[in-house]
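Take a look at the letters that make up each chain.
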Amino acid sequence: MTIHIGAAPGDIAETVLMPGDPYRAKWAAENFLQSPRLINEVRGMLGYTGTWNGNPVTIQGSGMGMPSLSIYANELIRDFGAKTLIRIGSCGGMQPQVKLRDVILAMTATTVGSPSQSMFREMNFAPVADWSLLQAAAKAAQSREVGLHVGGIYSSDTFYDERPDLNEQMVRHGILGVEMEAAELYTLAARYQCRALAVLTVSDHLGTGEALPSDQRERSFGDMVEIALEAAFS
Ligand code: HPA
């Protein structure tokens, strides 16, 4: 049991899927895991552990933004021994070829400043996905009917952005989409020799202003859960 995760020792699997939304954790556990059981509800940040094809898996909400994800990922890794952490979440599309419902696998994540930034001082650390997970997730996505993009994303600190010029620079530099967590997850995984990946569904588009209706979000989210699970155990 840690400050933010009320699980008992041994309650958390080495493989953890991390949606931002705790209710997505519940939905994914109930729909994709066998025998899911609630292992955390501190602050309503639900976490479940069950099995997938016989493999133990935890699905733990991360909350929104890098400071929140950092708390959960630190405790999962340092106190509960998590080794493979896969973010499953939504993102805003930034390039014209990126369409709603497409899946983005983040090779790397650019950020203005993650919670880890202060320890790097003048250094711009380049957070990267784990290659084995990235490769396996690409294969899993290619076997489905989803549009797939693999490349850089932008982990922003602000959803309601007062600096549109930052998005413009990201678009100019080929960044595929924007979300709010991956850069810190990749940095923590590097620090503690874990594997990490962000599998993202495009839920809205910054260029066109389109957004997925909520009923279609669920279906797209299911593809992402399956891609993450296949990648983790391939
Ligand atoms: N900005 C930041 N995070 C997001 C977005 C966005 O437009 N869409 C989904 N997650």
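All values derive from a computational prediction rather than experimental measurement.

Student: Please explain the overall build of the protein chain as it appears in this structure.
Tutor: Each helix and strand counted, the protein chain has seven helices and nine strands in total. Relative to the compact-globule value of 17 Å for 234 residues, the protein chain shows a C-alpha radius of gyration of 16 Å, a close match. Its C-alpha atoms give the protein chain principal-axis dimensions of roughly 45 × 45 × 30 Å. Contacts in the protein chain between residues at least 24 apart in sequence constitute 75% of all its contacts with a sequence separation of at least 6. Accessible surface for the protein chain amounts to roughly 10,900 Å². Of this, 52% is attributable to carbon and sulfur atoms.

Student: What exactly am I supposed to notice about the site of the ligand here?
Tutor: In the vicinity of the ligand, the contacting residues are S90, C91, G92, F159, V178, E179, M180, S203, D204 and L206. In the environment of the ligand, a nitrogen atom lies 3.3 Å from a nitrogen or oxygen atom belonging to the backbone of G92. Bound to the protein, the ligand loses 87% of the 260 Å² it would expose on its own. Broken down by secondary-structure element, the contributors of at least two residues to the shell around the ligand are β5 (84-93), β8 (177-179) and β9 (195-205). No other element matches β5, which puts three residues into the shell around the ligand. Here the residues of the shell around the ligand are counted per class, giving five nonpolar, three polar and two charged.

Student: I tried to follow the pattern of salt bridges on my own but got confused; where do I start?
Tutor: Two side chains with opposite charge may pair up if their charged atoms get near one another. Counting across every chain of the model gives eight salt bridges. Between R144 and D223 there is a salt bridge; the shortest N-O distance is 3.8 Å. In this pair, R144 is assigned in the loop between α4 (131-142) and β7 (148-155) and D223 in helix α7 (residues 214-232), connecting sequence segments 79 residues apart. Residue D223 is classed as partly exposed on the basis of its relative accessible area of 25%. D165 serves as the salt-bridge partner of R163, at 2.9 Å between the closest nitrogen and oxygen. Taking relative accessible area as the criterion, R163 reaches 42% and is therefore assigned partly exposed. The class for D165 is partly exposed, based on a relative accessible area of 34%. Here the salt bridges share partners, and the residues they tie into one network are R144, D223, E226 and E230.

Student: Which parts of the structure should I look at to understand the pairing of strand β1 (residues 15-18)?
Tutor: Each regular strand shows side chains that alternate between the opposite faces of the sheet. The two faces of β1 match: T15 and L17 on one face and V16 and M18 on the other face are all buried. As judged from the four bridges shared by β1 and β5, these two strands associate in the parallel manner. Directly across from T15, in β5, lies its bridge partner T84. As judged from the two bridges shared by β1 and strand β4 (residues 55-60), these two strands associate in the parallel manner. The partner of L17 across the bridge, within β4, is I59.

Student: Would you mind going over the pairing of β9 with me for this structure?
Tutor: Within β9, nine of the 11 residues are buried, which leaves the element mostly enclosed by the surrounding structure. Taken together, the 10 bridges between β5 and β9 define a ladder with parallel strand orientation. Pairing of S90 across the sheet is with T201, part of β9. Pairing of strand β6 (residues 103-110) with β9, which is carried by three bridges, proceeds in the antiparallel orientation. From the neighbouring strand, L105 faces β9, where its bridge partner is V199.

Student: Explain α4 here, please?
Tutor: Every α-helix winds through 3.6 residues per turn, so residues three or four apart in the chain are directed the same way. Relative to the 16 Å expected for 12 residues at 1.5 Å per residue, α4 spans 16 Å between its end C-alpha atoms, a close match to the ideal helical length. Among all positions in α4, only L133, L134, A136, A137, A138, A140 and A141 are buried.

Student: Quick question: what am I supposed to make of the packing of aromatic side chains here?
Tutor: A complete count under the given rule lists five aromatic pairs for this structure. When the centroid spacing of 5.7 Å and the interplanar angle of 65 degrees are considered together, the rings of W27 and F32 count as edge-to-face. Each member of the pair, W27 as well as F32, is classed as buried. Their ring planes at 70 degrees and their centres at 5.0 Å tell us that F159 and Y160 sit as a pair that is edge-to-face. For Y160, a relative accessible area of 70% translates into the label exposed. Aromatic rings pair up to connect W27, F32 and F221 into one cluster. One cation-aromatic arrangement involves R24 over F221; the distance from NZ or CZ to the ring centre is 4.4 Å.

Calculation rules
- Residues numbered from 1 in each chain as written.
- Predicted model: local features only at pLDDT ≥ 70, side-chain atom pairs only at ≥ 80, totals over all residues.
- Heavy atoms only, no water.
- Helix = DSSP H or I, 4+ residues; strand = E, 2+ residues; numbered from the N terminus.
- Rg over C-alpha atoms; globule rule 2.2 N^0.38 Å.
- Contact = heavy atoms within 4.5 Å.
- Areas by Shrake-Rupley, 256 points an atom, 1.4 Å probe, with all protein chains shown as cover.
- Near = heavy atom within 4 Å.
- Polar contact = N/O pair within 3.5 Å; in protein donor to acceptor, adjacent residues only side chain to side chain.
- Nonpolar A, V, L, I, M, F, W, Y, C, P; charged D, E, K, R; others polar.
- Salt bridge = Lys/Arg side-chain N within 4 Å of Asp/Glu carboxyl O.
- Buried < 20%, exposed > 50% of the residue type's maximum accessible area, 1.4 Å probe, protein only.
- Pairing = 2+ DSSP bridges.
- Expected span 1.5 Å × (residues − 1).
- Phe/Tyr/Trp six-rings, centres within 6.5 Å; stacked < 30°, edge-to-face > 60°.
- Lys NZ or Arg CZ within 6 Å of the ring centre and 35° of its normal.

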